Amino acid sequence: MTITSRFRVKAMTARTLAIANLCVFLVFASDGAFAGFAGHNTKGDFALQSGTQPPPGLLIAPMYYRYSGNTLRDSRGDKISIDPDDRGSLDANAYVLSFIWVSDDLKILGGNYSFQAFPALTDNTLEVPVLGLEESVNIGFADLYFQPINLGWHTDRADFIAGLGVTAPTGEYEPDGSDNTGLGMWSFEPFVGTTVYLDEAKSWSFAATAFYELHSEKKDTDIQVGDILTIEGGLGKTFMEGALSAGAAYYAQWKMTEDDLGRDNAFPGSRDLGKHRVYGLGPEVTIAVAPKGKLYGFINARYFWEFGTRSTLEGNTFVLTAMFPIP
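Being a predicted model, the structure only gives us computed values, none of them experimental.

What counts and how
- Residues numbered from 1 in each chain as written.
- Predicted model: local features only at pLDDT ≥ 70, side-chain atom pairs only at ≥ 80, totals over all residues.
- Heavy atoms only, no water.
- Salt bridge = Lys/Arg side-chain N within 4 Å of Asp/Glu carboxyl O.
- Helix = DSSP H or I, 4+ residues; strand = E, 2+ residues; numbered from the N terminus.
- Buried < 20%, exposed > 50% of the residue type's maximum accessible area, 1.4 Å probe, protein only.
- Pairing = 2+ DSSP bridges.
- Patch = residues over 30% accessible without salt bridge, like charges linked within 9 Å, V, L, I, M, F, W, Y side chains within 5 Å.
- Areas by Shrake-Rupley, 256 points an atom, 1.4 Å probe, with all protein chains shown as cover.
- Contact = heavy atoms within 4.5 Å.
- Polar contact = N/O pair within 3.5 Å; in protein donor to acceptor, adjacent residues only side chain to side chain.

A. Summary view of the pattern of salt bridges. Counted under the stated rule, the structure contains 8 salt bridges. Of the charged contacts in the structure, one is a salt bridge between Lys43 and Glu306, with a shortest N-O distance of 2.9 Å. One end of the pair, Lys43, is in the loop between β1 (33–34) and β2 (57–73); the other, Glu306, is in strand β18 (residues 297–310), and 263 residues separate them in sequence. A single burial state applies to Lys43 and to Glu306, both of which are buried. Its salt-bridge partner being Asp259, residue Lys255 comes within 2.7 Å of it at the nearest N-O pair.

B. Summary view of the pairing of β2. Looking at chain direction, β2 and strand β19 (residues 313–326) are connected through 12 bridges and run antiparallel. Bridge pairing in β19 places Tyr64 opposite Leu320. The sheet contact formed by β2 and strand β3 (residues 79–80) spans 2 bridges and is antiparallel. Considered in β3, the bridge of Leu72 is made with Ile80. Connecting the antiparallel pair β2 and β3 is a turn made up of 5 residues, with Gly77 showing a positive phi of about 90 degrees.

C. A look at a nonpolar patch on the surface. Together, Leu58, Trp101, Phe115, Phe324 and Ile326 make up an exposed nonpolar region whose accessible area comes to about 420 Å². Residue position: Ile326 is located in strand β19. Relative accessible area serves as the criterion here: at 39%, Ile326 is assigned to the partly exposed category.

D. Spotlight on the environment of Thr170. In this fold, Thr170 is placed in the loop between β11 (158–168) and β12 (187–197). With relative accessibility at 45%, the residue Thr170 sits in the partly exposed group. C-alpha separation for the pair Thr170 and Phe141, spaced 29 residues apart in sequence, amounts to 7.1 Å. Apart from residues no more than four positions distant in its own chain, Thr170 is found in contact with Ala142, Asp143 and Leu144. At 2.9 Å, the side chain of Thr170 and the backbone nitrogen of Leu144 are in polar contact.

On their own, these measurements won't tell you what the molecule is for.
Below, the structure is given as structure tokens:
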């Protein structure tokens with residue numbers, strides 16, 4: 001097993017204020033449309049070898065995540081004008097410190113047991129000059145994502161993972177709040193994935209991991225966000241005895257069921273744009289930090305351009321992660 005294949009991180013954050021405010025300001029747009037509600041799954045935090053569980057031990061991984069959405073698409077994929085001068089944008093920043101523990105001897109159904117937690121801070125901004133909105137949010141705790149169950153299996157030519165992720169509403173949230181850092185709801189996300197090695201040396205791999213997200217009602221409302229399916233992975237190759245890996249990463253996300261606005265429609269007179277979808281594709285690279293041959297960790301970077309978007313924002317995603325195994 002190459003060293004870069006041994007440590008993979010999923011880091012969840014809430015793209016909270018930017019997406020929540022999107023639902024708010026679109027109500028005031030001339031056509032009265034709104035784009036539906038976001039879930040908790042963070043697109044692009046799983047990529048190359050997404051179906052591989054880290055080896056036994058403790059891993060700590062700080063991460064910076066940035067999503068920049070500059071185009072809103074309707075259900076036909078046409079651009080919806082928010083700002084005639086195209087100066088509006090929605091930016092989400094998050095800062096995550098991930099903790100991943102994988103047991104050496106505790107197995108369930110033959111798979112190694114792992115517990116993972118991803119506390120995060122967020123500092124999201126909203127700029128829509130045509131509406132007179134130029135806001136930012138002081139940094140605060142986002143909703144907490146953790147995996148109470150993460151199981152991993154390894155074979156000669158493939159790895160497999162399965163488990164359950166949970167997002168707790170620990171971030172600030174009020175239904176009409178302008179400084180929310182959370183989404184005001186619980187999310188439950190069963191997942192399953194695999195990394196398939198395409199050659200005997202395991203230098204080439206293809207990975208896919210699927211997450212199905214379900215939600216509770218939002219705090220102090222009877223609004224329930226629809227189910228969301230996200231698939232993430234990548235095709236990559238390792239070089240220099242595993243000290244370097246690179247490839248193409250991807251994600252795809254679809255809302256599977258309609259949002260339930262409940263009896264008290266928070267957006268009266270709005271026009272539902274339908275269940276959203278979005279695709280992302282871009283490069284990823286991982287470099288080992290190993291001065292004088294001693295391995296200290298890894299630095300991973302990936303960038304995605306979005307396309308094929310319907311009923312949601314379209315933009316780009318940047319993820320920078322440092323990964324440190326603890327002896």
